[in-house]
Protein chains: 2
Amino acid sequence: MARIVMKFGGTSVADIKLIRNVARHVKRETDAGHEVAVVVSAMAGTTNQLIAWTQESAPLNDLREYDAVIASGEQVTAGLLALALQAEGVNARSWMGWQIPIMTDDAHGSARITGIDNTGLIKALKQGQVAVIAGFQGIASSNRIATLGRGGSDTSAVAIAAAVKANRCDIYTDVDGVYTTDPRIEPKARRLSKVAFEEMLEMASLGAKVLQVRSVELAMMHKISTFVRSSFDTPELPEILKNAPGTLICNEEEIVEQHIVTGIAFAKDEAQVSLRRLVDKPGISAAIFSALAEENINVDMIVQNVSEHGAKTDLTFTVPSSDLNKAVKILERNREDMTFESLQAEGGLSKVSIIGIGMRNHAGVAAVAFKALAEKGINIRAITTSEIKISILIDSAYTELAVRTLHSVYFLDKI
Amino acid sequence: MARIVMKFGGTSVADIKLIRNVARHVKRETDAGHEVAVVVSAMAGTTNQLIAWTQESAPLNDLREYDAVIASGEQVTAGLLALALQAEGVNARSWMGWQIPIMTDDAHGSARITGIDNTGLIKALKQGQVAVIAGFQGIASSNRIATLGRGGSDTSAVAIAAAVKANRCDIYTDVDGVYTTDPRIEPKARRLSKVAFEEMLEMASLGAKVLQVRSVELAMMHKISTFVRSSFDTPELPEILKNAPGTLICNEEEIVEQHIVTGIAFAKDEAQVSLRRLVDKPGISAAIFSALAEENINVDMIVQNVSEHGAKTDLTFTVPSSDLNKAVKILERNREDMTFESLQAEGGLSKVSIIGIGMRNHAGVAAVAFKALAEKGINIRAITTSEIKISILIDSAYTELAVRTLHSVYFLDKI
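K.L.:
So what exactly am I meant to see when it comes to the overall build of chain A here?
P.N.:
On a plain count of helices and strands, chain A comes out with 14 helices and 18 strands. Relative to a compact globule of 415 residues, whose C-alpha radius of gyration would be 22 Å, chain A shows 23 Å and is just as compact. Along the first, second and third principal axes, the C-alpha atoms of chain A reach 75 × 50 × 30 Å. Looking at chain A as a whole, 57% of its 415 residues are labelled buried. Intrachain contacts of chain A at a sequence separation of at least 6 include 75% that bridge at least 24 residues. Accessible surface, chain A as shown: approximately 17,400 Å² in total, 49% of it carbon and sulfur. The positive charge centre, built from 43 side chains, and the negative charge centre, built from 49, are 3 Å apart in chain A.

Right under this line is the structure:
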């Protein structure tokens, strides 16, 4: 007998028929003798409708009111799933964030969980009652509803799993696992049966939209084995881990057969800014990136070379295309303080990343990539690397070609 | 400066444009220097959609889950109105039932308010912040959301008015007041400028659907002057009580110019059951009506005559037409215990009622009615009376004729 947390996203609970399907997934686990907590998102479409209403009501939103409005979506799903479970003969009740309570900080709209009182939940689970929990929400110290931001239900699920010391957290979504790359671009992409937390973290932050980044961080921190699978499978499969297709996100030690590279991620709509002939003295970089951060511009890749100009250097970084104009304006305004002589900006770029824990112990991974891309005539504009990731910046037009080339050169279609 | 509670029903907040209109109504009052609490219903249609979903999820509803689901509708409106007020430059925040808290008993689905903690609300009002309160809901002792049943937002509003010691409770709805009768049946019906609590209570329970019965009881008990007006009027009218059309529901002493009869109410779809030759001994009536009550059959008019059969008597009562078959079955099953010799049942009836506090001091009100109806050839099947009401049971086909005849004979078109 295990204690498991099951999480179902918006497309998995989009209508009552699907909610009943979810109830059967849950019943399979309770029938097997497990203690189950379920975390649900709002029915697909609901959150967008509610957000549109808040925007129509007031152009400048008070995020506390925004939260009160949109948290209602998960409340509805939690109640409906509890009812559907009862109709299946399963003892169940709904829990809102404030009832548990799930405490958060006061950053309404994108709050962070600061603590979870597990008393009520554990009592209910031990009594054999399924806890159906409204995801994406908690309660701030002001006694007001706070939401965790987009994708926050994943974070709710992992945090609940940690709080009730669950043996496993199952994330049911509209895909059946994590793939070596996006199958819409590379039909030969294969599902990974296991992926390490660190790898998943890189994939999530690089745009592989299966799991929210914070939920993966949390899972890694608390060592919660997280299984990603499809909610559209037949619910009655008896032994989920042995038979059901999906991807287990786990500690690297649990992955016996390690590959050097596990996946190719990519992000389109990147833009590049190059500042030429900066004075190479302490504080200049800080000045630049602080100014951008203050305006909420998310800087991604940063490359700084030792420059040919002696005491002067060049700095290149990327921002989302949609922020490019804003970024350029901020930089031009501060040109003198920032000491650069010229600025080059260009949109229409993509970042393609090669990810794999095995890279740590294998030299030459980067060389293979550069050679393969060169053979296809793909120009590399910038490169950044970490222990388990190599990211390259290229023209967007070559994204698909680059992804397929790298997928093939690392034999990912053979995994 | 006054402290007022304003309540807006579902049709008054049916979309964002209307919610903004409501914000302007509220702003008019805050601009006048008043402290304002607003109670809102769910956007029209929302509650029905949510109820349909709960029924689709589980045929036998756990009312605690039902409450969690449908209370979300008012939560959304409260947040949206707070935003719309902020957009108008009005300081406002939303309050859910559990945040205030509004305490209720555990009768989920039709809970009663047992207490309201006014601390937070009064503090906010004194600081000039509009309190936008989700109507229709509170929190049961189990820490779970409880709803007050259909029309419960009226009750919320009056209870809040009592709790914060408001000078006035304004009920904004889709009609502009209480009429002498239904204007769809009698175009000459006139709006009453004032009506006594007791009269309104009879009108509400008799099917004049302007205000929920419990809210009127509560207003009477706490002496909360309640003003019914239309939310579709221009919000910018400066002096609501002097200029705005509407009906003030108040203590009878405040009504200077009293009429003998103030209104004609009616209820269609009534059915009559007559039990013949009952043994006239203590306990028989109790046995009959307990059996019906146990099956949730709502008995309305009850008439018992001293019978010509000596120790035996006849008993007539009415039930909703939809419950007639069920009622007859229960009675037939218990015929021996209930001691009646025969049973007559008939549907397709209407109850028409003449209401007026002035009746107390005027004889002959009933005689006028009977004479007028007789002249039109309308047969009266049964009569019940209270201090301020005369109800008669007639064939449904004559409803409109009876209403118009009575409306005219008491000069209600001249009020």
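Continuing now.
K.L.:
Just to check I follow, could you spell out the sheet that holds strand E3 (residues 92-95) of chain B for this structure?
P.N.:
Two modes of strand pairing occur in sheets, parallel and antiparallel, and in both the strands are linked by backbone hydrogen bonds. Residue and element names in this part refer to chain B. On the basis of which strands lie adjacent, the open sheet formed by eight strands has the order E3-E6-E2-E1-E9-E11-E12-E10 and mixed pairing. The sheet is open, and its two borders are formed by E3 and strand E10 (194-196), each paired with just one other strand. Geometrically, the sheet is characterised by an average inter-axis angle of 20 degrees between neighbouring strands, direction not taken into account. This element, helix H1 (residues 16-31), spans strand E1 (3-8), strand E2 (35-40), strand E6 (130-134), strand E9 (168-173) and strand E11 (226-230) of the sheet and lies at about 170 degrees to E1.

K.L.:
I would appreciate a short explanation of the pattern of salt bridges in the present structure.
P.N.:
Side chains that carry opposite charge are capable of pairing whenever their charged atoms lie near each other. Using the criterion set out here, one finds 44 salt bridges over all chains in the structure. A salt bridge links Glu65 of chain A to Arg144 of chain A, with the shortest nitrogen-to-oxygen separation between them at 2.7 Å. In this pair, Glu65 of chain A sits in helix H3 (residues 63-70) while Arg144 of chain A sits in the loop between strand E7 (137-139) and strand E8 (145-147), placing the two residues 79 residues apart along the sequence. Note on accessibility: Glu65 of chain A and Arg144 of chain A belong to one class, buried. Across the pair Arg360 of chain B and Glu387 of chain B runs a salt bridge whose closest N-O atoms are separated by 3.4 Å. Note that Arg360 of chain B is positioned in the loop between strand E16 (342-355) and helix H13 (365-375) and Glu387 of chain B in the loop between strand E17 (382-386) and strand E18 (389-395), a separation of 27 residues in sequence. Exposure remark for Arg360 of chain B: the relative accessible area of 34% places this residue in the partly exposed category. For Glu387 of chain B, a relative accessible area of 59% puts it in the exposed group. Salt bridges sharing partners connect three or more residues here, namely Glu252, Arg360 and Glu387 of chain A.

K.L.:
Explain the interface of chain A and chain B here, please?
P.N.:
Interface size, as often reported, equals the accessible area lost upon joining of the parts. Taken together, the contacts link 36 residues of chain A with 36 residues of chain B. Interface area, chain A with chain B, both sides summed: about 3,200 Å², of which 61% is carbon and sulfur. Contact with chain B buries area across many residues of chain A, yet Ser57, Leu83 and Trp98 of chain A alone supply 19% of it, more than any other trio. For the pair chain A and chain B, the interface holds zero salt bridges. The interface formed by chain A and chain B holds 10 residue pairs in polar contact (both at pLDDT 80 or more) in total. Those elements that place two or more of their residues in the side of chain A that touches chain B are helix H1 (16-31), helix H2 (46-57), H3, helix H4 (72-87) and strand E3 (92-95) of chain A. Here the side of chain A that touches chain B gets 10 residues from one element, more than from any other, and that element is H4 of chain A. Of the residues in the side of chain A that touches chain B, the class split is 20 nonpolar, 10 polar and six charged.

K.L.:
Whenever I open this one, the relation of the copies chain A and chain B confuses me. Can you help?
P.N.:
Note on the chain copies: they are related by a rotation about an axis and a translation along it. When chain A is fitted to chain B, the best match, at an RMSD of 0.2 Å, comes from turning it 180 degrees and sliding it 0.1 Å along the axis. The transformation relating the two chain copies, once decomposed into turn and shift, fits a two-fold axis. Minimal C-alpha separation from the rotation axis in chain A is found for Ser72 of chain A, amounting to 2.7 Å. Looking at the interface residues of chain A, 100% of them are also at the interface in chain B, so both copies use one shared face.

K.L.:
In this structure, what is going on with the side chain of Lys7 of chain B? I would like to understand it.
P.N.:
Within the fold, Lys7 of chain B resides in strand E1. With sequence-adjacent residues up to four places away left out, Lys7 of chain B is seen in contact with Val39, Ser41, Ser153, Asp154, Ala157, Asp170, Ile171 and Tyr172 of chain B.

K.L.:
Is there a simple way to explain the side chain of Thr147 of chain A in this structure?
P.N.:
All names here are of chain A. Position of Thr147 relative to the elements: it lies in strand E8. Reaching out from Thr147, the side chain makes a polar contact with the side chain of Asp67 at a distance of 2.7 Å. Setting aside anything within four residues of it in sequence, one finds Thr147 in contact with Asp67, Ile70, Ala71, Ala107, Gly109, Ser110, Ala111, Phe136 and Gln137.

Rules of the game
Residues numbered from 1 in each chain as written. Chains lettered and ligands numbered in written order. Predicted model: local features only at pLDDT ≥ 70, side-chain atom pairs only at ≥ 80, totals over all residues. Heavy atoms only, no water. Helix = DSSP H or I, 4+ residues; strand = E, 2+ residues; numbered from the N terminus. Rg over C-alpha atoms; globule rule 2.2 N^0.38 Å. Buried < 20%, exposed > 50% of the residue type's maximum accessible area, 1.4 Å probe, protein only. Contact = heavy atoms within 4.5 Å. Areas by Shrake-Rupley, 256 points an atom, 1.4 Å probe, with all protein chains shown as cover. Lys, Arg positive; Asp, Glu negative; His and termini not counted. Charge placed at Lys NZ, Arg CZ, Asp CG, Glu CD. Pairing = 2+ DSSP bridges. Axes fitted to C-alpha atoms, helices over the stretch in contact; angles between N-to-C directions. Salt bridge = Lys/Arg side-chain N within 4 Å of Asp/Glu carboxyl O. Buried area = accessible area lost by both parts, 1.4 Å probe. Polar contact = N/O pair within 3.5 Å; in protein donor to acceptor, adjacent residues only side chain to side chain. Nonpolar A, V, L, I, M, F, W, Y, C, P; charged D, E, K, R; others polar. Least-squares fit on C-alpha atoms with pLDDT ≥ 70 in both.

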